[in-house]
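Each chain, written out:
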Amino acid sequence: MRTLVTVAQLSERCPGLSQPAIRWLLFKSTENGLAQSGAIMRNGRRVLIDVDKFFSWLDSRQQRAA
């Protein structure tokens, strides 16, 4: 079962990411690969984030930086 959260809920789960930082990642999602990862679900203006896919995407970015 997928775990979908809002920006505020994701920020609570990961204190190192503020809400503005998450919103910036969402704004740039087509450029940074987040949209292609399948982690974002949009229903009108409501944005939900798949937690597992988001952290997989984040881990892949960390591996590239290393």
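So, a few notes on the structure that sits alongside this text. It should be emphasised that the depicted structure is a prediction, and the values quoted were computed from it without experimental measurement. (Residues numbered from 1 in each chain as written. Predicted model: local features only at pLDDT ≥ 70, side-chain atom pairs only at ≥ 80, totals over all residues. Heavy atoms only, no water.)

**Structural notes on the overall build of the chain**
Assigned secondary structure in the chain consists of five helices and three strands. Each helix and strand of the chain, placed in order from N terminus to C terminus, yields the pattern β-α-α-α-α-β-β-α. Its C-alpha atoms give the chain a radius of gyration of 11 Å, near enough to 11 Å, the size a compact globule of 66 residues would have. Taken along the three principal axes of its C-alpha coordinates, the chain extends 35 × 25 × 25 Å. Here the chain holds 66 residues, and 30% of them are scored as buried. Within the chain, contacts between residues at least 6 apart in sequence are counted, and of these 44% link residues at least 24 apart. (Helix = DSSP H or I, 4+ residues; strand = E, 2+ residues; numbered from the N terminus. Rg over C-alpha atoms; globule rule 2.2 N^0.38 Å. Buried < 20%, exposed > 50% of the residue type's maximum accessible area, 1.4 Å probe, protein only. Contact = heavy atoms within 4.5 Å.)

**Brief notes about the sheet that holds strand β3 (residues 46–50)**
As summarised here, the arrangement of the three strands in space is β1-β3-β2, forming an open sheet in which the pairing is antiparallel. Every interior strand has two partners, whereas the edge strands, β1 (4–5) and β2 (40–43), have only one. With two bridges joining them, β1 and β3 adopt antiparallel strand pairing. Paired with Val5 across the strands is Ile49, a residue of β3. (Pairing = 2+ DSSP bridges.)

**Looking at the pattern of salt bridges**
Evaluated as defined, the whole model comprises two salt bridges. Between Asp50 and Arg2 there is a salt bridge, and its shortest N-O distance comes to 2.9 Å. One end of the pair, Asp50, is in strand β3; the other, Arg2, is in the segment before β1, with 48 residues separating them in the sequence. In this structure Arg2 comes out as partly exposed when scored by relative accessible area, which is 44%. We note a salt bridge from Glu31 to Lys28, for which the minimum N-O separation is 3.6 Å. (Salt bridge = Lys/Arg side-chain N within 4 Å of Asp/Glu carboxyl O.)

**Describing the packing of aromatic side chains**
Counted by the stated rule, this structure contains three aromatic pairs. For the ring pair Trp24 and Phe27, a centre distance of 5.6 Å and an interplane angle of 35 degrees mean the geometry is tilted. Linking Trp24 with Phe27, this pair stays in helix α2 (residues 19–27), spanning three residues, or about one helical turn. Phe27 shares its class with Trp24; the two are exposed. Each ring, one from Phe54 and one from Trp57, has its centre 5.8 Å from the other, and the planes form 40 degrees; the classification is tilted. Remark: Trp57 and Phe54 occur in helix α5 (residues 51–65); sequence separation between them is three residues, near one turn of the helix. With a relative accessible area of 1%, Phe54 lands in the buried category. Look at Trp57 and you get buried, because its relative accessible area is 5%. (Phe/Tyr/Trp six-rings, centres within 6.5 Å; stacked < 30°, edge-to-face > 60°.)

Purely spatial values, then, with no claim about function.
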